[in-house]
Amino acid sequence: MSRVAVVGSGIVGTAIAHALAERGVEVDVFEKGPAYPYPHEAQFRQHVELRTPRPLYARPSGLCGVGRSGDYRADLGAEVDCVEGGMASRWEAICQRQPAADFATRSRFGHGVDWPLGYADLEPWYGRAEALLGVAGTDADNPFAPPRSTPFPQSAFPLAWDDRWLAERLAGAGLHLHTTPQARTREPWDGRAACANFGVCAVCPIGARYSPQHHLRRAVATGRVRLHTDTAVRRVLVDAAGRARGLLVRPVADGAEREHAADHVVVTGGALESARLLLLSTAPGHPDGVGNRAGHVGRHLVFHHLWLGRLRFREALYPGRFGGWTGQSHQFLEPPGRGRHGGVKVELSSRRAYATWEPVRVWETPGEVITEAADAADVAAALAPVPHWRPVTFHAEAAAGPGKRLVLGDERDRFGDPLAHVHYELDDFDRETYAYCGELFRRYRDAAGAAAAEMADAGTYYSGFHHMGTCRMSAAEADGVVDSLGRVHGVAGLWVAGGAVFAGSGTVNPTLTMVALALRSAAALAADVA
Amino acid sequence: MITRRKLLLGAATLTGAAAGGVGLLRARGLLPWLRRTASPGLSNAAPGPLAAPLRETLLAAVEALLAAAEATAGPLKDDPQAAASFDARPYAEMLRSRAEGIAGYRQLYRRFAAAADRRAAEAGAPSFAAAPPALRRRLLADLCPPGRLARLRLGLTDADRARFRLYVVQEILDLYAATGAWTALGYAAPPGVPRGLDAYTGPPPARRAAVSERRGDANGAAG
């Protein structure tokens, strides 16, 4: 028996467990994936030094997986990670506040729905989330940033030399480029070492890039949080009165299924797995899944749409000498046409336009270069243009709609439970957004004086692992799944947190908003428990 | 003489065989089958340490694959001894870790060494490791040639040679692409080496060199 049972040990589940433990609440955290060493030295060695084809800590087979139909080309199964710490064990750590307009797209721009809370409600929680993650940033160079009541915890990572070179050219055409707030340590912070710029942040060996394990280990050390790795949650249990009473859990390897009783259940499995768990958890009065009496679970799924572009310069700029994020632009988050199309964040970071991993094939991949090379001289020759290319990524708002949804699919996990199935296809709003990104791309190309430019076609988009809206928040049950605090409408004691509760995609990276909302939920939950 | 009956029978047989073949491939999934053929898996043979001669043969392959790049494009391009002076330790460690940690690798490495030595003997060399680098490169290109189609062809005719390409040559080149290739391009260090937070805000080393060569270039523009 626990006071609170949390499903999922990712950044949201960890933020909630840690906040509750600080308030003296007993918590059990269930994670179906394995423990994931922290700091990630072992992973660094495997990934960087040995480039092993069979790394340890790979997610177990038959546990995660997402079926897919529609026009989304990337492997959604690879976008659901099952390890302690979840996706934020390997994330890019960009931490931005969502602008006020993103909370009111219906009233401001005529599309989507308004959130049942506004920026002002969340502003103090943004500050706490930034302190928790140790966000380095500044608004001094970003005239488009929303107002803040607390300074950034750490100073910003400066622009790279090639960013400044580019910014000078863009400024002449009225295009702005500013720094990127990120959960990396500019200085030693809260027991984490300062970033040394290893440049392979997905497996940061020193904990400079924030990983949830940092706070999860601390929460466990209080003695009030118990972490159950390799333990799958198969159902949320609801009693006859319609109140959540616990979880049906099962060890991933061997072992008996058992019920774990809890006063409160918080589902933080990511937007895809959280919705799946609610849909699997039928109960009297909830024949289509708990929290789904109005049929909203899975229905408002939305991704960010990322379109890749790249610019080639005659000059060798040598981008990618910093592993974190440098330049980007919030100038087009609220363009005049927003509503007909989405707002767009432009990522202009000093990175190589040649990734070690590509979610969708836009241009030649490292694997193809190596497959075709006779020897290392061929590899070097194939990579020779890299210092001349800089990527431009368009990170676009999307709108939920009938062509985007999550349901239970025909494929099953190792326990025989249906896996999630996502149907996702672009609609007219998204195609308008792509056309707008194309306009922006040409502006950047011309302003920068690029010698060549390439941009992905509309169908070659990917989510950036930003999945949202499957349990969207609403003031009333008729319009969504949870209230603004994450309490599931009509099921006392059941909470959902994370990207699942977003009422729209917003325009910027969602993680800081997820953590801010989670801390707000945790405070309310602690009050409920008390 | 071919009669009309025989002609019709032959055409029907060919049509049936083609339709059957296509149907069979479609039923089995043509693309996954092609992928499996071009990328055959490893056996479950036990991992274990590399014997010294085997390690020597593998490192001779590393040297042959890397020497040309190090000598022509890398930071050692003006050094006539470059081919012999690159750091083989990361490659040795990668090969060791696979042989000792992952089933099938050590067995494949042994087969690779045997095949390489056989070809070296046919070319008149005492062994692959003792052959000159240029000959080693030629032998490798012949034993396991590059390219997706070549690997598919090998997968159909001699799966071990496809494995040599996939698990020996390509993995060596993959490590190079992630490390030495970046310094060869002019980056100060590859990803994975801590570079501090100052250098990236200044001009890159290659650019600094170019700028100093041009001296009077006020804009610092370099090719």
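Note on numbering: residues in each chain are counted from 1, in written sequence order. Chain labels run from A onward and ligand labels from 1 onward, assigned in the order the entries are written. A pLDDT threshold of at least 70 governs which residues receive local features in this predicted model, and a stricter bar of 80 or more applies before side-chain atom pairs are shown or counted, although totals over entire chains, interfaces and linings include all residues.

## As for the overall build of chain A
Helix and strand counts for chain A stand at 11 helices and 17 strands. The size measure is the radius of gyration over C-alpha atoms, and the globule rule it meets is 2.2 Å times the number of residues to the 0.38 power. By the compact-globule yardstick of 24 Å for 530 residues, chain A fits well, its C-alpha radius of gyration being 22 Å. Along the first, second and third principal axes, the C-alpha set of chain A runs to 70 × 50 × 45 Å. Once C-beta atoms have been placed from the backbone, residue pairs whose C-beta atoms lie within 7 Å are recorded as contacts. For chain A, contacts bridging at least 24 residues in sequence account for 72% of all contacts bridging at least 6. Helix and strand definitions follow DSSP, with helices as H or I runs of at least four residues and strands as E runs of at least two, each counted in order from the N terminus.

## Notes on the domain arrangement of chain A
Residue and element names in this part refer to chain A. As annotated, the domain borders come from an automatic or database domain assignment. According to the domain assignment, chain A contains domain 1 (1-113 + 204-303 + 401-425 + 467-530) and domain 2 (138-179 + 305-396 + 427-460). Taking the mean C-alpha position of each, domain 1 and domain 2 sit 30 Å from one another. Listed as interface residues are 17 residues of domain 1 and, on the opposing side, 15 residues of domain 2.

## Examining the environment of Asp117 of chain B
Residue and element names in this part refer to chain B. Looking at the element boundaries, Asp117 is found in helix H6 (residues 105-122). Overall, the presence of 20 C-beta atoms within 10 Å leaves Asp117 in the buried class. Through-space distance from the C-alpha of Asp117 to that of Val62 is 15 Å; in sequence the pair is 55 residues apart. When near neighbours in sequence (up to four residues on either side) are disregarded, Asp117 contacts Ser127 and Phe128. Buried, partly exposed and exposed are defined by the number of other C-beta atoms within 10 Å of a residue's own C-beta, namely 20 or more, between the two limits, and 12 or fewer respectively, with C-beta atoms placed from the backbone.

## Some remarks on the sheet that holds strand E15 (residues 452-455) of chain A
Residues and elements named next belong to chain A. Here we have five strands laid out as an open sheet, ordered E10-E11-E12-E9-E15, and antiparallel in their pairing. Of all the strands in the sheet, the pair left with one neighbour each is strand E10 (328-329) and E15. Angles shown run from 0 to 180 degrees and are taken between the N-to-C directions of axes, each axis being a line fitted to C-alpha atoms and, for helices, limited to the stretch in contact. Sitting on the sheet, helix H10 (residues 428-448) touches strand E9 (305-312), strand E11 (344-347), strand E12 (389-396) and E15, and the angle it makes with E9 is about 20°. Strands qualify as paired when DSSP identifies two bridges or more between them.

## A word on unusual backbone geometry
Residues and elements named next belong to chain A. Put simply, Tyr38 and Pro39 share a cis peptide bond, and its omega is -10°. Summarising the element assignment, Pro39 is placed in the loop between strand E2 (27-30) and helix H2 (41-49). If you check the backbone angles, Asn197 has positive phi at about 65° while not being a glycine. Topologically, Asn197 is positioned in the loop between helix H5 (161-171) and helix H6 (213-221). A positive phi angle, near 50°, is found at Tyr318, a position not held by glycine. Looking at the element boundaries, Tyr318 is found in the loop between E9 and E10. Overall, Tyr318 belongs to the buried group, with 25 C-beta atoms counted inside 10 Å.

## Describing the interface of chain B and chain A
At the interface, 46 residues of chain B touch 39 residues of chain A. Looking at the side of chain B that touches chain A, the elements that each hand over two or more residues are helix H3 (52-72), helix H5 (89-101), helix H7 (133-143), helix H9 (159-178), helix H10 (180-185) and helix H11 (205-214) of chain B. Examining the composition of the side of chain B that touches chain A, we find that seven residues originate from one element, H9 of chain B, more than from any other. For this classification, the nonpolar set comprises Ala, Val, Leu, Ile, Met, Phe, Trp, Tyr, Cys and Pro, the charged set comprises Asp, Glu, Lys and Arg, and every other residue, Gly included, is treated as polar. Taken together, the residues that form the side of chain B that touches chain A break down as 29 nonpolar, 11 polar and six charged.

## Looking at the nonpolar core
Residues and elements named next belong to chain A. The term nonpolar core refers to a set of buried Ala, Val, Leu, Ile, Met, Phe, Trp, Tyr and Cys residues connected through C-beta atoms within 7 Å. With 210 residues, the main nonpolar core has Ile16, Leu20 and Val515 as its most contacted residues. The residues that make up this core include at least three from each of domain 1 (1-113 + 204-303 + 401-425 + 467-530) and domain 2 (138-179 + 305-396 + 427-460). Beyond its immediate chain neighbours, meaning those up to four positions away, Leu20 contacts Val4, Val25, Val27, Ala522, Leu525 and Ala526.

## Some remarks on the sheet that holds strand E14 (residues 418-424) of chain A
All names here are of chain A. Read across the sheet, three strands follow the order E3-E14-E13 without closing on themselves; strand pairing throughout is mixed. Both outer strands of the open sheet, strand E3 (66-70) and strand E13 (404-412), are each paired with one neighbouring strand and no more. Strand after strand, the sheet turns through a mean of 30° between neighbouring axes, direction not considered.

## Some remarks on the pairing of strand E7 (residues 258-267) of chain A
Residue and element names in this part refer to chain A. Of the strand pairs in this sheet, strand E1 (residues 2-7) and E7 are connected by five bridges, and their pairing is parallel. Looking across to E7, one finds that Val6 is bridged to Val266. The sheet contact formed by strand E6 (residues 244-251) and E7 spans four bridges and is antiparallel. Bridge assignment links Leu248 to a residue of E7, and that residue is Glu259. When E7 meets strand E17 (residues 494-496), the two strands line up parallel, connected through three bridges. Paired with Val265 across the strands is Leu494, a residue of E17.

## Structural notes on the packing of H6 of chain B against H7 of chain B
Each pair of packed helices can be described by the angle between their axes along with the distance between the axes. Residues and elements named next belong to chain B. Running from N to C, H6 and H7 cross one another at 120°; their axes reach a closest spacing of 10 Å. In terms of their interaxial angle, H6 and H7 are classed as oblique. Crossing of H6 over H7 shows right-handed handedness. Residues Ala115, Ala116, Arg119 and Ala120 of H6 touch H7, and the partners they reach there are Leu139, Asp142 and Leu143. For the contact of H6 with H7, the per-class residue count stands at five nonpolar, no polar and two charged. Roughly parallel means an angle under 35 degrees; roughly antiparallel means over 145; roughly perpendicular covers 65 to 115; every other angle is labelled oblique. Each crossing gets its handedness from the near helix: less than a right angle anticlockwise from the far helix is left-handed, clockwise is right-handed.

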